[in-house]
Structures are given as structure tokens and as C-alpha cells.
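Structural overview for review
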2 protein chains.
Amino acid sequence: MNDVARTAGVGLKTVSRVVNGEPRVRPETARKVHAAITKLGFRRHEGARWLRQGSTACIGMVLEDMADPFYSMLTRAVEQVARAKGFLVFTGSSEADPAQERELAQAFCARRVDGLVIAPASQDHRYLEPELQAGVVVVFVDRPAQNIDADAVLADNAGGVRAGIAHLLSQGHRRIGFLGDTPEIFTAAQRLRGYQEALAAAGLPFDESLVAMGRPEQGFVRMSFDRFFAGPEPVSALFTGNNRATVAALRELATRTERPALVGFDDFELADLLHPAITVVKQDAAAIGRTAADLLFRRISGDDGPARTIELSTQLIPRGSGEVTP
Amino acid sequence: MNDVARTAGVGLKTVSRVVNGEPRVRPETARKVHAAITKLGFRRHEGARWLRQGSTACIGMVLEDMADPFYSMLTRAVEQVARAKGFLVFTGSSEADPAQERELAQAFCARRVDGLVIAPASQDHRYLEPELQAGVVVVFVDRPAQNIDADAVLADNAGGVRAGIAHLLSQGHRRIGFLGDTPEIFTAAQRLRGYQEALAAAGLPFDESLVAMGRPEQGFVRMSFDRFFAGPEPVSALFTGNNRATVAALRELATRTERPALVGFDDFELADLLHPAITVVKQDAAAIGRTAADLLFRRISGDDGPARTIELSTQLIPRGSGEVTP
DNA sequence: CTGAAAGCGCTTACAG
DNA sequence: CTGAAAGCGCTTACAG
């Protein structure tokens, strides 16, 4: 910018004015400046600008795994809102590792992002306190913050599962296996709660032997199904707690003879092309992302009302696999 | 940092030394500085650092659509390499809009990223020339740069399709329909070329009426299939040019009675759980991302050899849909 | 309408 | 081992 000023034979401030489109510059002067800019191939250094101004017009996004469609949809929605506001977004995957979540969030903050969207892996977010104090705003998605007060946008996990289980009950199923993720995960615990509530609402007993909570890996799913289908009263239906569990269940069922009814939490591509097509409780990842981004930008613009938790409703989509009688 | 220096009763440079872990600081002095840092909740401002140092330790990534699994896999791979190098990554989706690609790339450059990974939507990359001159390094993925000289990491598109078509020919198919994306897209054109080459290698004529190139939308696919299956010599097999085309084809076939053999370019989740399971030519998105990131960081570290184009081989995965005789 | 000075928060090169 | 000065590229507050 200094070079531009020298080349154009004007003051530094005048160049700044031209670059920022401020008024009060004689057209002739502006023309000289523009000529110098083109000649020198000048491009403003945003970093220097922020140093002076405060805001960086960047936000950071920490998610669990970019390759999971739930998170990539969510990311795209956040990105779209950010672009409309003229913001750029850093993304990073925590790979379900609390330490990696913290490192990413702190690295983003060191770059002085104005805000953070976090799909948390950590069970303790006190590490964010200094950042919050420094003015960074944070919105949690999918799972709430722990040990700090912060906004969150969640799916109605328990309600979605209740709807799914009620649907299976209405088909006459009485023994429904529940395959969920490890109960340390907020969403997994909420969904299990939904399962219990639905049974209670129908006046049915809760049988722990019909619940399997763990990482949806081949071995774990096989073991769980061996248990579900053994004995005199095998399950006649399954509820899977997230899209990875649903896919793992389908893979396992493909190797077995049992054909239980199946409802999965979270929709996935091609669910409608399988035989039978898979009935799911859909959570709207894009809506979660959009809502979170809107909230984030409202906070960035100065809204400092109390922390809010927004729950987005889910939707049961019957496609066949959940409409099988015992 | 000034406040820290004052609080600790030392010089600014000493704080800088402590923060950067430079030697030649008396342990006692360092302790005082650390105490002040904790007391004040000091966090170094990376932006100011870069202003002085040049590098920002950030890269930008422009892709077509974050929600497409091909791109999200690719992104994750780039991210992982970047993290290992201590770099952060900006991401942005062009949504197949050349203008949006340019805006994103330029916005990243204004933030002074050290490098750029671009999955291009644009047909002309001369807009990057000033950035390249300014020292930004760029690696293209999936599709090469146009009108500028730059590194690229691509799948072996033509080779992959040749393998897929040869596979269908070996099952006895002689009339194979090709459903590709619009031919302006580099990969679509390359894949069509592979189709033609495979036919030529087998001594078969190229019949234009068996080719449909366009955005893989419901209407276009239906129209194309109407044509493919009409007349006295309908196609007995289909080759789809990308994962969206494959899924669109499956959706369309689900509404029809024809049951052609099918091979798709690009693998997708659940391909193995469909009936029949889908035979694909797999391109390794993660490997493309990893290779591109490696190349990018080699460039960032100063490798200024001639621009390179790296082609990664593909793999035919027979699963059933491609092993159907006419 | 225009510009010289000071400063954002850090590092670099130098002197003690 | 330690620190005062200058500067990265811009903007802010002020004076002409």
C-alpha cells in the first residue's frame, strides 16, 4: 500500500480511502491510485487490516468427521450462511478425540476467529472459558456444551426415538432391540431415554437385555445381535441409534437369516433404494447447521442474551423396513 | 504481550522469547513471564505474528460440494495432512459456479493463505496469475487447471472407464449405454474418451445414440433411458460416469422393467448392500487428497520444479450388477 | 479533499 | 542472558 501511494504520488491514507471505497476522494486522484494498484498488482493484506480492526470475518468449525454425511451437510449449511455474511470458515475434524477438538478450537481462536461452531467430542468445555471471555462466541451443534454456558442447536433426540418406537409398537412389535452408540455420548443417552419413555408410555417393561450400547463396529453388532435373537423370546424389531449403526446393522443382517423390522435414527442416501427400503427418523442436518450459523451471527452482531438451546424436530419416514409385522 | 512484559517486569523481547520457547532465558525470568501470562490469560495473536513473518500456516480448499462424499473424503485427507504440518484449512464450496470458485480462491488469498487446493468449476484460471506471482502455491484436484501452468492430481479417468467397459464387453455385452455428465466437465470428457477407446480396442463401432451427456437429473436420465431402451437393439448394459449418475440411474431403473447390467464410476456407500450389489470403478478420493496435500506442502517448502500432473489409478470392484450377461 | 503520525501485536536485527 | 528500536501493512483519529 505504501508502494501504491508512492507510485501514485499520493498519501497512504488516500490509497486506503480508495481501496475502501470511502467518499471524499477526487475522481482524478482515485484514477491515479487505481492505475498504481493495477500496475503493481496490489492486493490488500486482510491480516493487517484485522490487526487494526479487531474482527477477522472468519469462523471456525469443529466437527467429528467431515466424511460423515450428517456433518458434511451440516458444514455446507454453515458455510452458506457464512458466505452470505462475507465470512470465511475454517473446518477441522476432531475424529471423536477430545484432545483434538480442543487443539482445533484453540488453534482457531489463536487465529482470532470471531466465532466457533462445535460438534463436541469432549466431555468438558471449560477450556473454552478464556476464549469466551476474550469475546469469541461459540455455538454447539448436535450435542450441548458441558460445564460452560453456551448456545446449542440439537435434534429432538428423545422425541424422534419415541416416534420411531411407537411406530414399531403400533405394528405389534413387543420385543424391540435398541442398538445405540456408547452412552457417554449425549445423543446416544438421549436416544436411549426416548426408547425407555416410549416403552413406559405403552406400559411395557424395560428389558436391559434388549439394549446394546457401543461403537457400531462389526464385532460389537454381531455380538449384540447374537444376544437379541437368542433364547425363547427373540426381538422382532430393531431400532438403530444413528446412521453408522443402521448401516452396520444392515451389513450384519445381510449375513444372517433373521429379518426383523428396522427403524433407524438419521436418514442416509440410498435408504429408499434398499430392499426393503429403510424406515428412518430423519434429523435435518442442514437445518441444524443453518440455525446454528444464524444464532452465531446474531451473537457476533452483539446479541448477548442468555444462552439458548434450540431443539429441532425430527420426522418419521416410513419406507418399508419399519412396516413389517412380527 | 506488552501487558505481559509490564506485569512480569521484563522486556517485550523476553516475553516473545519465552512464548516461542527460544533458549537463552534464565529459568527464573521465564517463570515470572509464565506467571504473568497465566494471570493475564494472554494468548498470542497469530495474525500479528504472520504480518511480520510472512507465512500464515493456513491453506484454502475450494471444492464443488462439501456434501458430495467424493469431496468430503478428499477434504478430510487434505485436512489430516495439513494438521500434521501444523496448518489450518479454510474450506468453501463453489457449487459448480465458476464465479463462486474465483471469489472463494481470491478471498482465501486475501487472507494470505500459503497454498490452495482447488477442485475447479471454472474453465479459465488466469484469474490466479497474480496470486501465483505473489507466491501462493496451488494444486488442482480431480480436474486440471486451464490456461495456467499448475500441479494437478487426477484419477485415471479414461483408464478406469476402459477397464469398466472391457469388463462389460467380456460378459458379452455389445450395446452399452453411457450416461455421463456435461462434456464441458474435464472428467466427463475423459471418461467418454475411455468409453470410445474401449469400444475401438474391441473393434466395435461407436454409436452416438448410446451416449447421453448431461446433468444427472431425474428428467434427463429418464429421457436418456427411454432412448437407450427403445428400438430393435436396446442397450443390455449401462455405464454411469459418476456417483450421482449411478444413483440417478438406480432411481430411474427402480421405476422401470429393464434390468441392464450396470457399472458405475466412483464407489459409494451401501453399493454392496443393494440388490444386486453395484459393480464400480473406484477412484480413491482419500489418496487424491493426500497426494495433493503432500505436493502442496512440498511446494510450500520451496520445491519449484516444473508443474506436475499425477494420475492415480482406479480399481474395478465387481459386486454383481456388472456380472450380468445380456 | 488530503496527508502525517500513531498504533494494532507481534518479530527481526542489533546492541548491550 | 536481556531489551530498545524499527517495521510488517494496514486503519484510526486528527490536522490541515
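Each value, and the rule that gives it
Residues numbered from 1 in each chain as written. Chains lettered and ligands numbered in written order. Predicted model: local features only at pLDDT ≥ 70, side-chain atom pairs only at ≥ 80, totals over all residues. Heavy atoms only, no water. Near = heavy atom within 4 Å. Polar contact = N/O pair within 3.5 Å; in protein donor to acceptor, adjacent residues only side chain to side chain. Helix = DSSP H or I, 4+ residues; strand = E, 2+ residues; numbered from the N terminus. Axes fitted to C-alpha atoms, helices over the stretch in contact; angles between N-to-C directions. Parallel < 35°, antiparallel > 145°, perpendicular 65-115°, else oblique. Left-handed = near helix turned anticlockwise from the far one by under 90°. Contact = heavy atoms within 4.5 Å. Buried < 20%, exposed > 50% of the residue type's maximum accessible area, 1.4 Å probe, protein only. Lys, Arg positive; Asp, Glu negative; His and termini not counted. Salt bridge = Lys/Arg side-chain N within 4 Å of Asp/Glu carboxyl O. Least-squares fit on C-alpha atoms with pLDDT ≥ 70 in both. Domains from an automatic or database assignment. UniProt positions renumbered as here; feature names shortened; annotations may be inferred. Nonpolar A, V, L, I, M, F, W, Y, C, P; charged D, E, K, R; others polar.

Near DNA strand C, the surroundings consist of 25 residues, among which Thr14, Thr29 and Arg52 of chain A together with Met1 and His45 of chain B are the closest. Sugar plus phosphate, as a fraction of atoms of DNA strand C within 4 Å of the protein: 60%. Between DNA strand C and the protein, one listed contact pairs a phosphate oxygen with a side-chain N or O atom of Asn20 of chain B at 3.2 Å. When contributions to the surface near DNA strand C are tallied by element, the ones reaching two or more residues are α2 (12–19) and α4 (46–53) of chain A together with α2 (12–19) and α4 (46–53) of chain B.

This part covers the packing of helix α10 (residues 218–229) of chain B against helix α11 (residues 243–253) of chain B. Residues and elements named next belong to chain B. Where α10 contacts α11, the two axes come as close as 10 Å, and the packing angle between them is 65 degrees. In terms of their interaxial angle, α10 and α11 are classed as roughly perpendicular. Where α10 crosses over α11, the two elements pack in a sense that is right-handed. The residues of α11 that touch α10, namely those facing Gln218, Val221, Arg222, Phe225 and Phe229, are Ala248, Ala249, Glu252 and Leu253.

It is worth spelling out the side chain of Asp266 of chain B at this point. All names here are of chain B. Looking at the element boundaries, Asp266 is found in the loop between β9 (261–265) and β10 (279–282). Buried within the structure, Asp266 lacks any salt-bridge partner; its nearest side chain of opposite charge belongs to Arg191, at an N-O separation of 6.5 Å. Of the polar contacts made by the side chain of Asp266, one reaches the side chain of Asn243; its length is 3.0 Å. Those residues in contact with Asp266, other than ones at most four positions away along the chain, are Phe70, Asn243, Val280, Val281 and Gln283.

Once that is clear, we can look at the relation of the copies chain A and chain B. The transform that puts chain A on chain B rotates by 180 degrees and translates by 0.0 Å along the axis, for an RMSD of 0.1 Å. Here the copies are linked by what is in effect a two-fold axis. For chain A, the smallest separation between a C-alpha atom and the rotation axis is recorded for Phe90 of chain A, amounting to 2.1 Å.

This paragraph deals with the domain arrangement of chain A. Often, the extent of an interface is quoted as the loss of accessible area on bringing the components together. According to the domain assignment, chain A contains domain 1 (1–44), domain 2 (56–155 + 285–311) and domain 3 (157–283). Computed over C-alpha atoms, the centres of domain 1 of chain A and domain 2 of chain A are 38 Å apart.

Moving on, we get to the UniProt feature "domain: HTH lacI-type" (unreviewed entry) in chain A. Feature annotation in UniProt places "domain: HTH lacI-type" (unreviewed entry) on residues 1–53 of chain A, given in this structure's numbering. Segment residues 1–53 of chain A splits into 70% helix and 0% strand. End C-alpha atoms: 17 Å apart.

With that settled, the discussion passes to the protein's contact with DNA strand D. By nearness alone, 25 residues border DNA strand D, and Ser16 and His45 of chain A together with Thr14, Thr29 and Arg52 of chain B come closest of all. Sugar and phosphate atoms form 59% of the subset of DNA strand D atoms that lie within 4 Å of the protein. At 3.2 Å, a side-chain N or O of Asn20 of chain A approaches a phosphate oxygen of DNA strand D. Thr29 of chain B places a polar side-chain atom, nitrogen or oxygen, 2.3 Å from a phosphate oxygen of DNA strand D. No other element matches the 5 residues that α4 of chain A contributes to the surface near DNA strand D. Within the surface near DNA strand D, the residues separate by chemical class into 8 nonpolar, 7 polar and 10 charged.

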